[in-house]
Amino acid sequence: MPRLREVPRAEVTDERILFYYDRLFGPDKDPAVDHGTVHATPGDWWTVFAQSPEVFRHAVRGFAVYRNATLDPALRELGQSRAGFARGSQFVFSQHCKQMRSLGVPEEKISAIPHWQVSEVFSPLERAVLAYTDGLVYDGGRVADEVFEVLRGALSDQEILELTYITTLYDMHATICRALRLEYDDRPEPIEEVRLPEGVEARDLSADLSGA
């Protein structure tokens, strides 16, 4: 379950939150109890963000950036899905793989996103978008001039700004989902110590390996 309390319908007074509760879950459901959106996701992103109507409204307004964006939606989703993968968010990665499918992106491209560096299915521009995304997520915005020049050669300044903004927006959402364990990111930390079996004495591993 998420790390923050989900807000039940009965406690919601904000009209915008109620609009999305109705739209995504149905008017007769309490999303904090009866989980499951019309998009087949758990839906606790919405019920946890409802803790703050101001944050909720700001986040939802951010989604509206798609409406008048000039960037090719397939390139937008390529950046978003790679951002989800790079940040380690199963939710963001999964949702935007689905969105790529809805846009008609071939399955071979979607399945190659995790290993795009050695795949031959992407165009030079798509590879630049993927490399740019890695620079944004992995390197905190440190992007090689050579990568940026490929983008500049194919996209307008407006499109590059939209790509940058939307990709980093979803890097933020991926980070939040992991931190609060929302949606498909509700999973335990996978890295923990594997302890010795009972009765086995711990030895000096470095001494054994070095031959000391």
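Coordinates for the structure precede this section.
Residues numbered from 1 in each chain as written. Predicted model: local features only at pLDDT ≥ 70, side-chain atom pairs only at ≥ 80, totals over all residues. Heavy atoms only, no water.

### Description of the overall build of the protein
Thinking step 1. In terms of regular secondary structure, the protein is built from 10 helices and 0 strands.
Thinking step 2. The linear arrangement of helices and strands in the protein, starting from the amino end, is α-α-α-α-α-α-α-α-α-α.
Thinking step 3. In terms of C-alpha radius of gyration, the protein reaches 21 Å, well past the compact-globule figure of 17 Å for 212 residues.
Thinking step 4. With respect to the principal axes defined by its C-alpha atoms, the protein has extents near 70 × 50 × 30 Å.
Thinking step 5. Looking at the protein as a whole, 41% of its 212 residues are labelled buried.
Thinking step 6. Carbon and sulfur atoms provide 54% of the accessible area of the protein, an area that totals close to 12500 Å².
Thinking step 7. Each charge sign in the protein was given a centre, from 23 positive and 35 negative side chains, and these centres are 3 Å apart. (Helix = DSSP H or I, 4+ residues; strand = E, 2+ residues; numbered from the N terminus. Rg over C-alpha atoms; globule rule 2.2 N^0.38 Å. Buried < 20%, exposed > 50% of the residue type's maximum accessible area, 1.4 Å probe, protein only. Areas by Shrake-Rupley, 256 points an atom, 1.4 Å probe, with all protein chains shown as cover. Lys, Arg positive; Asp, Glu negative; His and termini not counted. Charge placed at Lys NZ, Arg CZ, Asp CG, Glu CD.)

### Topic: helix 7 (residues 124-137)
Thinking step 1. An ideal rise of 1.5 Å per residue puts 20 Å on 14 residues; helix 7 measures up with 20 Å between its terminal C-alpha atoms.
Thinking step 2. Within helix 7, 10 of the 14 residues are buried, which leaves the element mostly enclosed by the surrounding structure.
Thinking step 3. Turning to helix 7, its buried residues are Glu-126, Ala-128, Val-129, Leu-130, Tyr-132, Thr-133, Asp-134, Gly-135, Leu-136 and Val-137.
Thinking step 4. Elements in contact with the buried residues of helix 7: helix 4 (73-87), helix 6 (107-112), helix 8 (145-154) and helix 9 (157-180). (Expected span 1.5 Å × (residues − 1). Contact = heavy atoms within 4.5 Å.)

### Thoughts on the nonpolar core
Thinking step 1. Counting 22 residues, the largest nonpolar core has Leu-78, Phe-122, Tyr-132 and Leu-151 as its most contacted members.
Thinking step 2. Those elements giving two or more residues to this core turn out to be helix 4, helix 5 (90-102), helix 6, helix 7, helix 8 and helix 9.
Thinking step 3. At 5 residues, the largest contribution of residues to this core is made by helix 7.
Thinking step 4. If we skip the residues at most four places from it in the chain, Phe-122 touches Leu-78, Lys-109, Ala-112, Ile-113, Trp-116, Arg-127 and Leu-130.
Thinking step 5. Formed by 18 residues, the second largest nonpolar core is a distinct cluster that contains Trp-46, Ala-50, Val-60 and Leu-182. (Core = buried A, V, L, I, M, F, W, Y, C linked by side-chain atoms within 4.5 Å.)

### Thoughts on the packing of helix 7 against helix 8
Each pair of packed helices can be summarised by the angle the axes make with each other and by the distance between the axes.
Thinking step 1. Relative orientation of the contacting elements helix 7 and helix 8 amounts to 130°, with a least axis distance of 9 Å. Between helix 7 and helix 8, the angle is such that the two are oblique. Judged by the twist between their axes, the crossing of helix 7 over helix 8 is left-handed. Contacts between helix 7 and helix 8 involve Pro-124, Leu-125, Ala-128, Val-129, Ala-131 and Tyr-132 from the first element and Val-147, Phe-148, Val-150, Leu-151 and Ala-154 from the second. (Axes fitted to C-alpha atoms, helices over the stretch in contact; angles between N-to-C directions. Parallel < 35°, antiparallel > 145°, perpendicular 65-115°, else oblique. Left-handed = near helix turned anticlockwise from the far one by under 90°.)

### As for the packing of helix 4 against helix 9
Thinking step 1. Where helix 4 meets helix 9, the axes come as close as 9 Å, and the angle between the chain directions of the two elements is 35°. The element helix 4 and its partner helix 9 pack so that their crossing is right-handed. Residue-level inspection shows Leu-75, Arg-76, Gly-79, Gln-80, Ala-83 and Arg-87 of helix 4 in contact with helix 9, the latter providing Leu-163, Ile-166, Thr-167, Tyr-170, Asp-171, Ala-174, Thr-175 and Arg-178.
Thinking step 2. Among the residues forming the contact of helix 4 with helix 9, the class breakdown is 6 nonpolar, 4 polar and 4 charged. (Nonpolar A, V, L, I, M, F, W, Y, C, P; charged D, E, K, R; others polar.)

### Observations regarding the environment of Arg-127
Thinking step 1. Here Arg-127 is to be found in helix 7.
Thinking step 2. For Arg-127, a relative accessible area of 28% gives the class partly exposed.
Thinking step 3. Sequence separation of Arg-127 and Ser-102 is 25 residues, and the distance between their C-alpha atoms is 21 Å.
Thinking step 4. Setting aside its immediate chain neighbours within four residues, Arg-127 contacts Trp-116, Gln-117, Ser-119 and Phe-122.
Thinking step 5. A polar contact of 3.2 Å, which involves the side chain of Arg-127, links it to the backbone oxygen of Trp-116. (Polar contact = N/O pair within 3.5 Å; in protein donor to acceptor, adjacent residues only side chain to side chain.)

As far as function goes, none of this settles anything; it's purely spatial.
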